[in-house]
Amino acid sequence: MNDKVIIFDTTLRDGEQVPGCQLNTIEKIQVARALEALGVDVIEAGFPISSPGDFKSVVEISKVVSNPVICALTRAVKKDIEVAAEALEYAKRKRIHTGIGTSPFHIKYKIRTTPEEILKRAADAVKYARKFVDDVEFYAEDAGRSDNKYLAKVIEAVIKAGATVVNIPDTTGYCMPEEYGEKIRYLKENVPNIDKAVISTHCHNDLGMATANTMMGVVNGARQVEVTINGIGERAGNTSLEEVVMIIKSHHDLKLKTDINSKLIFSTSRLVSTLMSMPVQANKAIVGRNAFAHSSGIHQDGVLKKRENYEIIDPVEVGIRESSIILTARSGRAALSHRLEQLGFTPNKEELDEIYHRFLFLADKKKEINDEDIRILMGEVAQGEKALKLELLQVTCGKSAIPVATVGVRINGEVHTSTSSGNGPIDAAFTAVKHLISKTVHLEEFLIQAITKGSDDLGKVHVQVEHQGKIYYGFGTNTDIITASVEAFIDALSKIK
Ligand code: KIV
Ligand code: ZN
């Protein structure tokens, strides 16, 4: 049978400490409800003595959350513990999380006391907290840089005083994975009463090793992990929930499990990101925008043949509908053809060749080709050869410059050129085009639109041209808005019989 790893979520405490990430009580309740639905075992709801807002949030979350244990943080200080107990009054299952620094740094420079005094204060705090609740977690702050022998003595004393969980934080994110794993193993092997408590990991990401350290802690005997959604937290953040959960889910060899409903990971990630105004980096494991996006032609081809060629997790498992194939200049025909099919187009071989050729031309100018671009490219291919075709466009314009345009238009197979000035580059180009055709036309309507977003996007131009009382419509798209305009104008002129 697989061993259960307890998921202790501290998004609302360590995560919320991040500058700019503060939530009001209503938003915290929203996150707490999402964490409950996700299946976390413990929610660290706040640090009640730190502010009236934190106190209130712990009270309100305690009222609305039923399944997870609600945990409140304290220092090893009587008043903190009393206030935490008061805030937890309505919690169905409650835990006080108390602790003190155990590293030489913290003992000497922060608390300015002796190791003996720390040991006594740690045990006293746990004993005092046990007067209010049955479930008391002790944290040995900066355990990552604490001496293992001394740490073992503190852990033994707090378990004796009634701690049910012992948290071994790598507060500064300094440990190497082997070192952190070894620390947990040392405690497992050298604390005589360790079987009476659950060992918890709490790793920070200062050197990018939070998840690796957490997993080494688990491999060496920890059975609770302290994590946050999207890995938010002090400085470089905490271990991210989604990474640990998906490692455990993907590595069956570990023989571990969690009670997390992984299909809710993505929506929870986005809820936290939105409420905390904390964007998720695009390449963030599991929940980043690019976590299931493939952009190189070789990878796209591989994924289309069999998803597992380049993906170790099915995106559906974390609540993302499907992997995405990003169409760029590096994409091959397979990826383009797949997207065309998804959009309902079934081009024959020649059409596909033609659209791929146009696609590469556009992709060279535009970083990413979206569905709208493809629909437009397909429209162009479907129309076939036109009577008039823009072959050359050169404009000079700018502040204090006289706008001048030279156009080259293929008319019945032969390219004719003309140059003209105008009140702007588009007017100059339209006038130059008019010089090349032997028809009197009036521009009735001219509309420019950006199709989606971004300055590298396609511009879409619609024109209406009048000739002998009849209206002709023209359409053009290009990343260059002047070219799109002239193409739209020529498109309309080509329709005049
Ligand atoms: O990083 C840390 O040591 C902490 C403790 C308060 C648990 O957040
Ligand atoms: Zn922390």
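Coordinates for the structure precede this section.
(A) Summary view of the pattern of salt bridges. Inspection of every chain in the model, using the stated rule, returns 28 salt bridges. Ionic pairing is found between Glu16 and Lys28, a salt bridge with its closest N-O pair at 3.7 Å. Of this pair, Glu16 sits in the loop between α1 (11-15) and α2 (25-38) while Lys28 is found in helix α2, placing the two residues twelve residues apart along the sequence. There is no split in this pair, since Glu16 and Lys28 are both buried. A salt bridge links Glu243 to Lys284; the shortest N-O distance between them is 2.5 Å. Here Lys284 lies in the loop between α11 (265-275) and β11 (293-294) and Glu243 lies in helix α10 (residues 241-250), a separation of 41 residues in the sequence. Shared partners join several salt bridges into a network, and the residues in it are Lys306, Arg307, Glu308 and Glu311.

(B) Region of interest: the site of ligand 1. Close contacts around ligand 1 come from Arg13, Asp14, His97, Tyr139, Glu141, Asn167, Pro169, Thr171, His202 and His204, and that covers them all. Side-chain polar atom of His202 to an oxygen atom of ligand 1: 3.1 Å apart, as the coordinates give it. Contacts to ligand 1 include His204, whose side-chain N or O atom sits 3.0 Å from an oxygen atom. In the complex, the protein chains occlude 92% of the 260 Å² of accessible area that ligand 1 would expose alone. The set of elements that each furnish at least two residues to the shell around ligand 1 consists of α1, β6 (136-141) and β7 (165-170). Of the residues in the shell around ligand 1, the class split is two nonpolar, five polar and three charged.

Calculation criteria
- Residues numbered from 1 in each chain as written.
- Chains lettered and ligands numbered in written order.
- Predicted model: local features only at pLDDT ≥ 70, side-chain atom pairs only at ≥ 80, totals over all residues.
- Heavy atoms only, no water.
- Salt bridge = Lys/Arg side-chain N within 4 Å of Asp/Glu carboxyl O.
- Helix = DSSP H or I, 4+ residues; strand = E, 2+ residues; numbered from the N terminus.
- Buried < 20%, exposed > 50% of the residue type's maximum accessible area, 1.4 Å probe, protein only.
- Near = heavy atom within 4 Å.
- Polar contact = N/O pair within 3.5 Å; in protein donor to acceptor, adjacent residues only side chain to side chain.
- Areas by Shrake-Rupley, 256 points an atom, 1.4 Å probe, with all protein chains shown as cover.
- Nonpolar A, V, L, I, M, F, W, Y, C, P; charged D, E, K, R; others polar.

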